[in-house]
Amino acid sequence: MPALVGSLTAKGRLVGLFYADNAAAGYVPSEQQLAAFAHFIQNAQLCLTLLTTNH
């Protein structure tokens, strides 16, 4: 079963993972879904970085 996994880091440490799958037999994510997932991970990482940055 194909799945998408994206990691989140804060101050150089792994703090979380996002996992997504469709659980349908033979399902393969489309290029659009891969790009959307990557964009979601990037935005989540940006938010986490901004929250953990000392001002």
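Computed from a predicted structure; not experimentally measured.

Attention shifts here to the pairing of strand β1 (residues 3–10). The side-chain alternation of β1 yields one buried face, formed by L4, G6, L8 and A10, and one unburied face, formed by A3, V5, S7 and T9. By the bridge criterion, eight bridges tie β1 to strand β2 (residues 13–21) in an arrangement that is antiparallel. The residue bridging A10 from the neighbouring strand is R13, located in β2. Counting the residues between successive antiparallel strands, the hairpin from β1 to β2 contains two residues, one of them, K11, with a positive phi of roughly 50 degrees.

Position of Q45 relative to the elements: it lies in helix α1 (residues 31–52). Residue class for Q45 comes out buried when judged on its relative accessible area of 18%. Residue contacts for Q45: discarding those within four places in its chain leaves S7, L8 and T9.

Parameters and conventions
Residues numbered from 1 in each chain as written. Predicted model: local features only at pLDDT ≥ 70, side-chain atom pairs only at ≥ 80, totals over all residues. Heavy atoms only, no water. Buried < 20%, exposed > 50% of the residue type's maximum accessible area, 1.4 Å probe, protein only. Helix = DSSP H or I, 4+ residues; strand = E, 2+ residues; numbered from the N terminus. Pairing = 2+ DSSP bridges. Contact = heavy atoms within 4.5 Å.

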